[in-house]
Amino acid sequence: MNSLVLYYFSATGNSLVVAKDLASALGAAQLIPIAKAIHDNNDQSYEAVGIVYPVYMFGLPLIVAQFLKKIRLNPQAYIFSVATLGGAPGLAHTQARNILTGRGLELAAGFSLLMPGNYTPLYGAIAQEKQDEMFRKEKERIGIIAENIRDKKRGIMEEKPFLLNFLLHKLLYKGGISQVPLSGRNFWATDACIKCGLCAKVCPVENIVLADGRPKWLTHCQHCMACLQWCPVEAIQYKKSTIGRKRYHHPAVAAQDIIAQK
Ligand SMILES: Cc1cc2nc3c(=O)[nH]c(=O)nc-3n(C[C@H](O)[C@H](O)[C@H](O)COP(=O)(O)O)c2cc1C
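Note that the coordinates shown come from a computational prediction; the quantities given were computed from them, not determined experimentally.

Examining helix α6 (residues 162–179)
So, point 1. End to end, α6 covers 25 Å across 18 residues, agreeing with the expected 26 Å (1.5 Å per residue, within 8%).
So, point 2. At Y173, α6 shows its largest bend, some 45°.
So, point 3. Within the span of α6, buried status applies to N165, L168, H169, Y173, G176 and I177.

Pasting the structure below:
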């Protein structure tokens, strides 16, 4: 396919791997991080545009919603969204479609991919064998999704079962996402902190500053968990529930790949 761009956001690598795998399945795709693109004037000449991101609170991460509200696209472009998620997409694609429709653009299709969940405040990383099984299925699904994209299929919205996803989104998204920018105040570092500063480097939105080498969270957090997941000594916690929980990041992704997003 000519002239395809994939804009992506990723904190623990799932969406980055999906974006890379899609790019290689489709050939000649540009991969552009949303954390960077949100500050730039984007190129409007692409014939096909994909948005690849994790589902947060049964909807879009704030940064992705903001990006969709400002991105300038060729109205003729074939636009699709690809969500990675640990269990249920909620109405992430519908939300993306509504934002774009309001701007005279069409979201042609929304694809969902099950990946290991990374929301440590609620659960630890799943067992390695289960992760490996998900990674194997992801590679299979990418082929199918790529075929749909190549054929410029319209009308696919992978948000089933709809009633459950609708309820989850309606009940939990608004209240949850509105807390996100200030949620940084609930992160903290234990005495295990080695003052390496990696947490500040992996933060995709520069919401962490170092004071005497230790992290301090500001007020525009995305709640993405990058700081907590990439800490080499597991010193970073969110409230109390993350203590002792197994951390997660995609094994094929390095901290440097996350840092390179901005
Ligand atoms: C703040 C937050 C909220 C999340 N909410 C959901 C959710 O509503 N539904 C779901 O299936 N997974 C949810 N997850 C899990 C992620 O969507 C999933 O692990 C995703 O693949 C992570 O992508 P990444 O590695 O590219 O950051 C959430 C994760 C975070 C950090």
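Right, picking up where we left off after that structure.
Points about the domain arrangement of the protein chain
So, point 1. In terms of domains, the protein chain is made up of domain 1 (4–176) and domain 2 (179–259).
So, point 2. Put simply, the middle of domain 1 and the middle of domain 2, counted by C-alpha atoms, are 23 Å apart.
So, point 3. In this assembly, 32 residues from domain 1 lie in contact with 27 residues from domain 2.
So, point 4. Interface area for domain 1 against domain 2, summed over the two sides, is near 2300 Å², with a carbon-plus-sulfur share of 62%.

Section: the layout of surface pockets
So, point 1. For the largest pocket, the calculated volume is near 540 Å³.
So, point 2. Among the elements of the structure, α1 (14–26), β4 (78–85) and α6 are those that each provide at least two residues to the lining of the largest pocket.
So, point 3. Split into classes, the residues belonging to the lining of the largest pocket amount to 15 nonpolar, 11 polar and no charged.
So, point 4. For the lining of the largest pocket, the domains that each give at least three residues are domain 1 (4–176) and domain 2 (179–259).
So, point 5. In this model, the second largest pocket occupies a volume close to 150 Å³.

Thoughts on the side chain of S15
So, point 1. Tracing the chain through its elements places S15 in helix α1.
So, point 2. Those residues in contact with S15 that lie beyond four places of it in its chain are F9, S10, V52, Y53, P54 and T84.

Some remarks on the pairing of strand β5 (residues 107–114)
So, point 1. Of all 8 residues in β5, 7 are buried, a share of seventy percent or more.
So, point 2. Inspection of the sheet shows β5 paired to strand β6 (residues 156–157) by 2 bridges, in the parallel sense. Of the residues in β6, the one forming a bridge with G110 is M157.

Observations regarding the sheet that holds strand β2 (residues 29–33)
So, point 1. Read across the sheet, 6 strands follow the order β2-β1-β3-β4-β5-β6 without closing on themselves; strand pairing throughout is parallel. Strand pairing shows two members of the sheet lacking a second neighbour, β2 and β6, which therefore form its edges.

Some details on the site of the ligand
So, point 1. Near the ligand there are 25 residues, and of these S10, T12, F58, T84 and G87 occur at the shortest range.
So, point 2. Contact between the ligand and T12: an oxygen atom at 2.5 Å from a side-chain N or O atom of the residue.
So, point 3. A distance of 3.1 Å is found between an oxygen atom of the ligand and a backbone nitrogen or oxygen belonging to N118.
So, point 4. For the ligand, whose free accessible area comes to 640 Å², the fraction covered by protein is 96%.

Some points on the packing of aromatic side chains
So, point 1. The tally for this structure, following the rule as stated, stands at 5 aromatic pairs.
So, point 2. Between the aromatic rings of F162 and F166, the centroid separation amounts to 5.8 Å while the plane-to-plane angle is 35°, which identifies the pairing as tilted. Residue F162 and its partner F166 are both found in helix α6; the two are separated by 4 residues, about one turn of the helix.
So, point 3. Note on F166: relative accessible area 29%, which makes it partly exposed.

Topic: the packing of α1 against helix α5 (residues 128–150)
So, point 1. Two numbers describe how α1 lies on α5: the axes approach to 9 Å, and their chain directions differ by 55°. Between α1 and α5, the interaxial angle falls into the category oblique. Considering only the axes of α1 and α5, their crossing is right-handed. For the pair α1 and α5, the contacting residues are V17, V18, D21, L22, A25 and L26 in the first and E138, K139, I142, I145, A146, I149 and R150 in the second.

Criteria and cut-off values
- Residues numbered from 1 in each chain as written.
- Predicted model: local features only at pLDDT ≥ 70, side-chain atom pairs only at ≥ 80, totals over all residues.
- Heavy atoms only, no water.
- Helix = DSSP H or I, 4+ residues; strand = E, 2+ residues; numbered from the N terminus.
- Expected span 1.5 Å × (residues − 1).
- Bend = angle between axes of the 7 residues up to and from the residue.
- Buried < 20%, exposed > 50% of the residue type's maximum accessible area, 1.4 Å probe, protein only.
- Domains from an automatic or database assignment.
- Contact = heavy atoms within 4.5 Å.
- Buried area = accessible area lost by both parts, 1.4 Å probe.
- 1 Å grid on protein atoms, 1.4 Å probe; cavity = no way out; pocket = protein on both sides within 12 Å on 5 of 7 lines; lining within 4 Å.
- Points joined across faces, edges and corners; volume = space filled by probe spheres on them.
- Nonpolar A, V, L, I, M, F, W, Y, C, P; charged D, E, K, R; others polar.
- Pairing = 2+ DSSP bridges.
- Near = heavy atom within 4 Å.
- Polar contact = N/O pair within 3.5 Å; in protein donor to acceptor, adjacent residues only side chain to side chain.
- Areas by Shrake-Rupley, 256 points an atom, 1.4 Å probe, with all protein chains shown as cover.
- Phe/Tyr/Trp six-rings, centres within 6.5 Å; stacked < 30°, edge-to-face > 60°.
- Axes fitted to C-alpha atoms, helices over the stretch in contact; angles between N-to-C directions.
- Parallel < 35°, antiparallel > 145°, perpendicular 65-115°, else oblique.
- Left-handed = near helix turned anticlockwise from the far one by under 90°.

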